[in-house]
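The residues making up each chain are set out below.
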Amino acid sequence: MTTLWLITDNKPGHRSQLQGLAQALAARTTVETHWIDTPAGLAAFGHWLTGRFPPGAALPDPDLILVAGHRTHLAGLATRRARGGKLIALMRPSLPLGWFDLCVIPQHDAPPARANVIATRGVLNTARPSPEREADKGLFLIGGPSKHHGWDTPGLLAQIDAILAATPAMRWTLTTSRRTPADTESALLALRDRGVNVRPVRDTAPGWAMEQVARSAQAWVTEDSVSMVYESLTAGAATGLLAVPRLGETRITAGVAELQREGFVTPFADWQRTGRLSTPPERLAEADRVAEAVLAQFGA
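Residues numbered from 1 in each chain as written. Predicted model: local features only at pLDDT ≥ 70, side-chain atom pairs only at ≥ 80, totals over all residues. Heavy atoms only, no water.

Asker: It is not clear to me how the environment of Pro281 should be interpreted in this structure. Could you clarify?
Answerer: Turning to its location among the elements, Pro281 is positioned in the loop between α9 (268–274) and α10 (286–298). A relative accessible area of 54% places Pro281 in the exposed class. Separated by 19 residues in the primary sequence, Pro281 and Glu262 place their C-alpha atoms 7.8 Å from one another. Residue contacts for Pro281: discarding those within four places in its chain leaves Glu262, Gly263 and Phe264. (Helix = DSSP H or I, 4+ residues; strand = E, 2+ residues; numbered from the N terminus. Buried < 20%, exposed > 50% of the residue type's maximum accessible area, 1.4 Å probe, protein only. Contact = heavy atoms within 4.5 Å.)

Asker: How should I be thinking about the side chain of Thr8 in this particular structure?
Answerer: The residue Thr8 is located in strand β1 (residues 2–8) in this model. Here the side chain of Thr8 touches Asn10 through a polar contact of 2.8 Å, landing on its backbone nitrogen. (Polar contact = N/O pair within 3.5 Å; in protein donor to acceptor, adjacent residues only side chain to side chain.)

Asker: Hey, could you run me through the pairing of strand β3 (residues 64–68) in this one?
Answerer: Along a regular strand, successive side chains alternate from one face of the sheet to the other. Most of β3 sits inside the fold, with five of its five residues counted as buried. Residues Leu64, Leu66 and Ala68 point to one face of β3 and Ile65 and Val67 to the other, with burial holding for every one of them. Where β1 meets β3, four bridges bridge the pair, whose relative direction is parallel. What sits directly across from Leu4, in β3, is Leu64. Taken together, the five bridges between β3 and strand β4 (residues 86–90) define a ladder with parallel strand orientation. By the bridge assignment for β4, Val67 is matched with Ala89. Crossover connection from β3 via helix α3 (residues 73–83) to parallel β4: handedness right-handed. (Pairing = 2+ DSSP bridges. Right-handed = clockwise from strand over helix to strand, strands pointing away.)

Asker: Any chance you could explain the environment of Phe264 here in plain terms?
Answerer: Summarising the element assignment, Phe264 is placed in the loop between α8 (251–261) and β12 (265–267). The spatial distance from the C-alpha of Phe264 to the C-alpha of Leu4 is 33 Å, given a sequence separation of 260 residues. Setting aside anything within four residues of it in sequence, one finds Phe264 in contact with Arg121, Leu233, Thr239, Leu259, Pro280, Pro281, Glu282 and Leu284.

Asker: Where do I start with the pattern of salt bridges in this structure?
Answerer: Two side chains bearing opposite charge may form a pair once their charged atoms approach each other closely. Across all of its chains, the model carries 20 salt bridges by this definition. For Arg202, the salt bridge identified is with Glu185, shortest N-O distance 2.2 Å. With Arg202 in the loop between β9 (197–199) and α6 (208–215) and Glu185 in helix α5 (residues 182–189), this pair connects stretches of sequence that are 17 residues apart. According to the relative accessible area criterion, Arg202 is exposed, its value standing at 58%. (Salt bridge = Lys/Arg side-chain N within 4 Å of Asp/Glu carboxyl O.)

Asker: I keep staring at the packing of helix α7 (residues 226–235) against α8 and nothing clicks. Help me out?
Answerer: If you want to describe how two helices pack, look at the angle between their axes and the distance between the axes. Look at α7 against α8: their axes get within 11 Å of each other, and the N-to-C directions meet at 25°. One element, α7, and the other, α8, form an angle in the roughly parallel class. Handedness of the α7/α8 crossing: left-handed. The residues of α8 that touch α7, namely those facing Val226, Val229, Tyr230 and Leu233, are Ile252, Gly255, Val256 and Leu259. By residue class, the composition of the contact of α7 with α8 is seven nonpolar, one polar and no charged. (Axes fitted to C-alpha atoms, helices over the stretch in contact; angles between N-to-C directions. Parallel < 35°, antiparallel > 145°, perpendicular 65-115°, else oblique. Left-handed = near helix turned anticlockwise from the far one by under 90°. Nonpolar A, V, L, I, M, F, W, Y, C, P; charged D, E, K, R; others polar.)

Remember, this is a structural readout, not a statement about activity or role.
What follows is the structure, encoded as structure tokens:
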């Protein structure tokens, strides 16, 4: 039995990473999983100083402590000092890498080559292929402006219009994100008149989009939505990128460009020229790969 403590700040993206690795570990060994809300920074520092971790007082000692998000790092260190276990940080920590037993860092964050670092394609997630994948099912995943990307509603609608016109036999579903501007969402709702199942994010349950992408043969993702790009690839869908304006070249855009060069994703402009989405050279299964490395390294 491997006891996991998952220390969370409850941000959906961070929870997804923790859950993704926990699920991959559970598929390979017997685990007992405990979720713990991270205490505030000053409280976590106090726990570390005293060598006690009250939030986990009633729990069995952890074999593995998983943290994701800067607010969880001190709590993870306090947990290890108080109760033992191996401390694993998902994403590049704000504290020195040597303070953690293992750091799982996306390639776009330029992780150093060292024994306690595993570089991954994107962040870990819970996506898995579904045996119910349907060849005529497609999905649009729409993001919004970010610190790396601007936004162009007319340009986005023109791309979606071209895809719909070229794929009359496909059954399309579309969902938005919390970043999608209100005027964009209003325009997208009009696609219901063309048979698109438009589901704004506020009308979906947690995990709904992940279920949809797992059952879809194709997924078109706005290129600002990097996490959804990796989720689509992990689910095994042929993945296209809807172009949105870039605010310069950043580590995030460089990571997406690398996916393009290696044939994992198809930019809209390339699809327009060829009429097809490329088949990825392999399905991404980073949570599985990391889980196997964790079990090999720590023997949990």
